Amino acid sequence: MPDTIVNIAIDGPVGAGKSTVADEVARRLNILHLDTGAMYRALALRVLALGIDPRDEATVSGLCADAALRVEVAFENGMQRTLLNDEDVSGLIRTQEAGLAASTISRYRPVREWLVARQRQIACTQSMVLDGRDIGTVVLPDAKVKVYLTATPEERARRRHQQLLEAGQVAVYQDVLEQLKTRDLQDQTRAVDPLRPARGAVMLDTTHLSFEQTVQTILDLVALA
Ligand code: DC
């Protein structure tokens with residue numbers, strides 16, 4: 001195990017660019033990036049595959065008590081693969097449907113406790129950049145650097161729309177914007193660990209920042225920490 005473990009927390013709303021920024025920051029620091037949203041999405045995928053309504057809190061929460069259900073991550077050449085009972089679901093979780101279902105099930109306390117425990121286990125053994133909604137507030141409140149990454153809803157929807165088109169999916173900008181607002185509201189108003197800037201987090205509005213400027217700002221914060 002390395003002597004010093006450095007964890008960097010990047011939180012923020014959907015489409016703020018957390019994942020791509022976290023990926024690049026991790027690459028330049030030669031550490032790993034844990035995308036925690038992928039774990040919520042993997043569980044959501046299971047919920048949908050079983051025909052369970054994501055709004056059915058009791059049944060969804062019950063799944064987390066099932067020892068046979070495993071949401072894991074593996075890293076290959078620095079890239080995260082997300083595994084659901086050993087099946088690689090890294091591609092399958094990247095749909096609007098899985099994202100919306102993930103947002104719904106992430107409101108349930110047993111779901112959060114189950115995944116947060118796993119995330120802490122992963123992060124305590126190695127230096128990492130973690131991105132999510134509650135990394136600085138709940139998962140790793142003692143992270144060395146905490147960043148709250150955001151941008152206007154319109155700019156975030158524009159980026160997300162572009163990503164979906166590039167991934168070959170059919171998407172209408174107005175629908176993406178509406179879904180993004182729904183998820184923002186869901187993530188920010190849930191009773192358990194709502195999305196909000198952590199104490200001591202640096203607020204970084206990327207609406208008018210380039211990708212490189214955003215990455216460099218975070219690297220500067222790490223260097224100063
Ligand atoms: O980052 P993402 O869009 O892949 O995340 C999907 C959903 O999972 C998001 O709407 C809220 C939830 N989530 C969470 O509650 N806590 C995290 N640390 C990461 C994601």
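The structure this text deals with has already been given above.
Here the structure is a predicted model, which means the values were calculated and not measured. Each chain has its residues counted from 1, following the order in which its sequence is written. Given that the model is predicted, a residue must reach a pLDDT of at least 70 before its local features are reported, and side-chain atom pairs must reach 80 or more before they are shown or counted; all residues, however, enter totals for whole chains, interfaces and linings. Hydrogens and waters are ignored; side-chain quantities use all the structure's heavy atoms.

A. Examining the nonpolar core more closely. Throughout this description, the term nonpolar core refers to a set of buried Ala, Val, Leu, Ile, Met, Phe, Trp, Tyr and Cys residues connected via side-chain atoms within 4.5 Å. Each residue is placed in one exposure class: buried if its accessible area under a 1.4 Å probe, protein chains only, is under 20% of its type's maximum, exposed if it is over 50%, and partly exposed if it falls in between. Residues Leu43 and Val111 are the most contacted members of the largest nonpolar core, which totals 37 residues. With eight residues, helix H2 (residues 37-49) is the largest single contributor of residues to this core. Any pair of residues with heavy atoms lying within 4.5 Å of one another is described as a contacting pair. When neighbours within four sequence positions are excluded, Val111 is seen to be in contact with Tyr40, Leu43, Val60, Cys64, Ile105 and Ser106. With 16 residues, the next largest nonpolar core counts Val129, Val145, Val215 and Ile218 among its residues. Only DSSP runs of H or I with at least four residues qualify as helices, and only runs of E with at least two residues qualify as strands; both kinds are numbered from the N terminus onward.

B. Main features of the sheet that holds strand E6 (residues 128-132). Pairing between strands requires that DSSP locate at least two bridges from one strand to the other. Read across the sheet, five strands follow the order E2-E6-E1-E7-E8 without closing on themselves; strand pairing throughout is parallel. One side of each edge strand has no neighbouring strand; the edge strands of this open sheet are strand E2 (32-35) and strand E8 (202-205). Each adjacent strand pair in this sheet contributes to an overall mean axis angle of 20°, direction not counted. Relative to E8, strand E7 (residues 145-150) is paired through four bridges, and the arrangement is parallel. Across the sheet, Val147 pairs through a bridge with Val202, a residue of E8. All axes here are fitted lines through C-alpha atoms, helices being fitted over the stretch that makes contact, and every angle between N-to-C directions spans 0 to 180 degrees.

C. Seen up close, the site of the ligand. For this purpose, a residue is taken to be near a molecule or strand whenever a single non-hydrogen atom of the residue falls within 4 Å of it. In the region of the ligand, 14 residues are neighbours, and Arg41, Arg112, Arg133, Asp134 and Arg183 sit closest. Polar contact is the term for a pair of N or O atoms within 3.5 Å; when the atoms are in protein, one must be able to donate a hydrogen and the other to accept it, and sequence-neighboring residues count only if both atoms are side-chain atoms. With respect to the ligand, the side chain of Arg133 contributes an N or O atom lying 2.9 Å from an oxygen atom. Protein contacts shield 97% of the accessible area of the ligand, which totals 450 Å² for the unbound molecule. Residue assignment for the shell around the ligand shows that the elements contributing at least two residues are H2, helix H4 (96-105) and helix H8 (173-189). Per-element accounting of the shell around the ligand gives the leading share, three residues, to H2. Split by residue class, the shell around the ligand holds two nonpolar, five polar and seven charged. The method behind every accessible area is Shrake-Rupley, applied with a 1.4 Å probe, and residues are considered shielded solely by the protein chains displayed. Classes in brief: Ala, Val, Leu, Ile, Met, Phe, Trp, Tyr, Cys and Pro nonpolar; Asp, Glu, Lys and Arg charged; the others, Gly included, polar.

D. Region of the structure containing the packing of helix H7 (residues 153-166) against H8. At a closest axis distance of 9 Å, the pairing of H7 and H8 adopts a crossing angle of 120°. Relative to H8, the element H7 lies oblique. Where H7 crosses over H8, the handedness of that crossing is right-handed. Contacts from Pro153, Glu154, Arg156, Ala157, Arg158, Arg160, His161 and Leu164 of H7 reach H8 at Tyr173, Val176, Leu177, Leu180, Lys181, Arg183 and Asp184. Partitioning the contact of H7 with H8 into residue classes produces seven nonpolar, one polar and seven charged. Each angle gets one of four labels, with under 35 degrees taken as roughly parallel, over 145 as roughly antiparallel, 65 to 115 as roughly perpendicular, and the rest as oblique. We call a crossing left-handed when the near helix sits turned anticlockwise from the far one by less than a right angle, and right-handed when that turn is clockwise.

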